[in-house]
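Spelled out from the first residue to the last, the chains are:
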Amino acid sequence: MKNLLKSPKRLLKPALLGAAMPLAYLLYIIISKEDQFETWMSIPLVMIPLGGAIGGIVFFTLQKLPVTKPIQIVALALVGILLYGLCLWISSILAFSLS
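As a starting point, this report considers the structure included with it. (Residues numbered from 1 in each chain as written. Predicted model: local features only at pLDDT ≥ 70, side-chain atom pairs only at ≥ 80, totals over all residues. Heavy atoms only, no water.)

Bringing the overall build of the protein into the picture now. Assigned secondary structure in the protein consists of 4 helices and 0 strands. Moving toward the C terminus, one meets the helices and strands of the protein in the order α-α-α-α. Whereas a compact globule of 99 residues would reach a radius of gyration of roughly 13 Å, the protein reaches 16 Å, over 25% beyond that. Overall size of the protein, expressed as C-alpha extent along the three principal axes, is 50 × 30 × 25 Å. Long-range pairs, those at least 24 residues apart, make up 68% of the contacts in the protein between residues at least 6 apart in sequence. Accessible surface computed for the protein: about 7,100 Å², of which carbon and sulfur atoms make up 74%. (Helix = DSSP H or I, 4+ residues; strand = E, 2+ residues; numbered from the N terminus. Rg over C-alpha atoms; globule rule 2.2 N^0.38 Å. Contact = heavy atoms within 4.5 Å. Areas by Shrake-Rupley, 256 points an atom, 1.4 Å probe, with all protein chains shown as cover.)

A few words now on the packing of helix H2 (residues 9-32) against helix H3 (residues 42-63). For the pair H2 and H3, interaxial distance at closest approach is 7 Å and the crossing angle is 145°. The handedness of the crossing between H2 and H3 is right-handed. Contacts from Arg10, Leu11, Pro14, Ala15, Gly18, Ala19, Pro22, Leu23, Leu26, Leu27 and Ile30 in H2 reach Pro44, Leu45, Ile48, Pro49, Gly52, Ala53, Gly56, Ile57, Phe60 and Thr61 in H3. Considered class by class, the residues forming the contact of H2 with H3 number 16 nonpolar, 4 polar and 1 charged. (Axes fitted to C-alpha atoms, helices over the stretch in contact; angles between N-to-C directions. Left-handed = near helix turned anticlockwise from the far one by under 90°. Nonpolar A, V, L, I, M, F, W, Y, C, P; charged D, E, K, R; others polar.)

Of all hydrophobic cores here, the largest spans 6 residues; its members are Leu26, Ile30, Met41, Leu45, Ile48 and Ala95. Contact partners of isoleucine 48, with chain neighbours within four places excluded, come to Pro22, Leu26, Leu88, Ser91, Ser92, Ala95 and Phe96. (Core = buried A, V, L, I, M, F, W, Y, C linked by side-chain atoms within 4.5 Å. Buried < 20%, exposed > 50% of the residue type's maximum accessible area, 1.4 Å probe, protein only.)

Our next topic: the packing of H3 against helix H4 (residues 70-98). Close contact between H3 and H4 brings their axes to 8 Å; oriented N to C, the two are set at 160°. Judged by the angle between their axes, H3 and H4 are roughly antiparallel. Crossing handedness for the pair H3 and H4: right-handed. For the contact of H3 with H4, the class distribution of residues is 20 nonpolar, 8 polar and no charged. (Parallel < 35°, antiparallel > 145°, perpendicular 65-115°, else oblique.)

Compared with an ideal rise of 1.5 Å per residue, which puts 29 residues at 42 Å, H4 spans 42 Å between its outermost C-alpha atoms and is within 8% of the ideal. Residues of H4 that are buried: Leu76, Gly80, Tyr84, Ser91, Ser92 and Ala95. On its buried side, H4 packs onto H2 and H3. (Expected span 1.5 Å × (residues − 1).)

Mapping alanine 53 onto the fold places it in helix H3. Under the relative-accessibility criterion, alanine 53 is labelled buried at 13%. Distance in space between the C-alpha atoms of alanine 53 and alanine 19 is 4.5 Å, their sequence separation being 34 residues. Ignoring sequence-local partners within four residues, the contact set of alanine 53 consists of Ala15, Gly18 and Ala19.

Structure, rendered in structure tokens:
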């Protein structure tokens, strides 16, 4: 755990992967709409991938915990997925309340 905090470069890849999924989905929604891009859409376009990046970092750090039993590994994966979804949900609520 201490090595993760000493080298933030290791957290960059999970943050980018966590942010890429909601960003791609939001860009697909915006591009597929027939209307033009409106200014209020920029806040969710920034905030939701930011929450995804935080969720990706949380998921990555949970996977680095020292567990050996298979049930613990599965439980950590499920908790990580739930926390990633929670980060996306909270960031989307915050983004849409600000816009």
